[in-house]
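# Inside the fold
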Amino acid sequence: MMRPESQDLWDRSFWADNQPSWHFDTPSTLCPAALGALIQRWRARLGLSSLIEVGHGDGRILTECSQRDPLMAAHGIDVRNIPIDAGWRQITAQWDPVSEQWLGADIPLGDTPQLVIAVEWLDDLPGAVIVAGDGEAIPGATAIKALTSAEHTWLARWWPNPGPGERAVIGHQRDRAWRWWATRLAPGSVLATLDYGHLANQRPRDGGLSAHRHGERVRPGPGTNVTASVAIDAVASAVEAVGAQRLLCARLMDLPDSFWTVEAQSPLDALALRSQIALLRDPERFGQFWLVAHRIVGAGHP
């Protein structure tokens, strides 16, 4: 028996007043130079005219990218502006899972191919939580009456038969949020997400739920950042179902050496890049994160 447990663990107001670096380390906060260099190399090789980061957080990646190419059109989307003037445009907007639309400013989709990236954005999107059997309730969780038919369908396909006491976080809304981009970007665009996650044969027993505040892991609740690792295979399938072509779906530590080749302007810059790349590839740090990238090959259908 599976018991719907909560849809209200996530504090949806958390990011209105917080920045990632206040609470935990991420690839964006510790490795922005390496990520900026890799993104700009990739964008240039793919011939993409502009860059959008979904959930720009502290803005460090976009700032690095803009410094490498000041003439590039770059946009960052987040729930709040940050006090920075670094050559890219801030867009204040929030994804609404009910209407499945962005609320706030207009999103700059354009008619030309773009690179859209998200670094640890999907893991922040809320999802219904279920527990199998008589698992112990999460303190502060608000019980829900039933799952929707779409959530039942997602669970049956992507997280079937969790063991007694195990949890599952239903990723239906995350898949829909990522598919929104795949159905609206111009053909030739590339959609890429970097996040911690799992495949069907490696689902975490605790659902991948985690909550942090000021550098410490805490119980989920108001004033905490609640995340859950992403069902990578489900997200990839969601955009492929509308015609996107898979380019990459791999953990950072499994990517070949050729992927990490970037240019540095000085020996000191080269040292910094090598250090950050080593951190990204380290299986004890960010090496377990997944990079999932797709090319938009035709007109989408919202």
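Residues numbered from 1 in each chain as written. Predicted model: local features only at pLDDT ≥ 70, side-chain atom pairs only at ≥ 80, totals over all residues. Heavy atoms only, no water.

Here we come to the pairing of strand β11 (residues 209-213). Here four bridges tie β11 to strand β13 (residues 225-228), and the two strands are oriented antiparallel to one another. Within the sheet, the bridge partner assigned to L209 lies in β13 and is A228. (Pairing = 2+ DSSP bridges. Helix = DSSP H or I, 4+ residues; strand = E, 2+ residues; numbered from the N terminus.)

Per the counting criterion, the structure on display carries one cavity of 30 Å³ or more. At the level of elements, α5 (172-182) and β14 (230-231) are the ones that each hand at least two residues to the lining of the largest cavity. Classifying every residue of the lining of the largest cavity gives seven nonpolar, three polar and two charged. (1 Å grid on protein atoms, 1.4 Å probe; cavity = no way out; pocket = protein on both sides within 12 Å on 5 of 7 lines; lining within 4 Å. Points joined across faces, edges and corners; volume = space filled by probe spheres on them. Nonpolar A, V, L, I, M, F, W, Y, C, P; charged D, E, K, R; others polar.)

Once that is clear, we can look at the layout of surface pockets. In this structure, the second largest pocket spans a volume of roughly 330 Å³. If you trace the second largest pocket, you find 20 residues lining it, with L38, I39, W42, F259 and L291 closest to the centre. For the lining of the second largest pocket, the elements supplying multiple residues, two or more each, are α2 (32-46), β6 (114-119) and β9 (190-195). Ranked by residue count, the leading element in the lining of the second largest pocket is α2, at six residues. Grouping the amino acids of the lining of the second largest pocket by side-chain chemistry returns 16 nonpolar, two polar and two charged.

Moving on to the sheet that holds strand β5 (residues 101-104). One open sheet holds the eight strands; their spatial order is β5-β4-β3-β2-β6-β9-β16-β15, and the pairing between them is mixed. Strands with a single pairing partner mark the edges of an open sheet, and in this sheet they are β5 and β15 (245-251). Recorded for the sheet is a direction-independent mean angle of 20 degrees between the axes of neighbouring strands. Pairing analysis gives five bridges linking β6 to β9, with the strands arranged parallel. Looking at β9, one finds that L115 is bridged to V190. In this fold α2 packs onto β2 (50-54), β6, β9, β15 and β16 (290-295), with an angle of close to 160 degrees to the strand it touches most, β9. (Axes fitted to C-alpha atoms, helices over the stretch in contact; angles between N-to-C directions. Contact = heavy atoms within 4.5 Å.)

Packing of helix α4 (residues 149-158) against helix α6 (residues 232-240) leaves a shortest axis separation of 11 Å and a crossing angle of 115 degrees. The interaxial crossing formed by α4 with α6 has right-handed handedness. Facing W154, R157 and W158 of α4, the residues of α6 in contact are D233, A234 and S237. When its residues are assigned to classes, the contact of α4 with α6 shows three nonpolar, one polar and two charged. (Left-handed = near helix turned anticlockwise from the far one by under 90°.)

This brings us to the pairing of β9. Summarising burial for β9: six of the six residues are buried, a large majority. When β9 meets β16, the two strands line up antiparallel, connected through six bridges. Bridging across to β16, L191 finds its partner in H294. (Buried < 20%, exposed > 50% of the residue type's maximum accessible area, 1.4 Å probe, protein only.)

Going through the model one piece at a time under the given rule, you end up with eight aromatic pairs. Measuring from ring centre to ring centre gives 5.1 Å for F259 and W260, while their planes differ by 85 degrees; the resulting arrangement is edge-to-face. Per residue, the accessibility class of F259 equals that of W260, and both read buried. Within the aromatic cluster, the residues linked to one another by ring pairs are W95, W102, W121, W180 and W181. If you follow R203 out to its NZ or CZ, it ends over the ring of W159, 5.7 Å from the centre. (Phe/Tyr/Trp six-rings, centres within 6.5 Å; stacked < 30°, edge-to-face > 60°. Lys NZ or Arg CZ within 6 Å of the ring centre and 35° of its normal.)

Moving on to the sheet that holds β13. Spatially, three strands are ordered β12-β11-β13 in an open sheet, and the strand pairing comes out antiparallel. Both edges of this open sheet fall to β12 (216-217) and β13, since each of them pairs with a single strand only. With two bridges joining them, β11 and β12 adopt antiparallel strand pairing. What sits directly across from R213, in β12, is E216.

To continue, consider the pattern of salt bridges. It is possible for side chains of opposite charge to pair when their charged atoms get near one another. The full count for this structure, using the stated rule, is eight salt bridges. A salt bridge links R43 to D69; its shortest N-O distance comes to 2.7 Å. A residue pair is termed long-range when its members are at least 10 positions apart, and R43 in helix α2 and D69 in the loop between α3 (60-68) and β3 (73-78) qualify at 26 residues. R246 is the partner of E240 in a salt bridge, and the nearest nitrogen-oxygen pair spans 2.7 Å. Here R246 falls in the partly exposed class, since its relative accessible area comes to 44%. (Salt bridge = Lys/Arg side-chain N within 4 Å of Asp/Glu carboxyl O.)

Bear in mind that shape data such as this cannot, by itself, settle questions of function.
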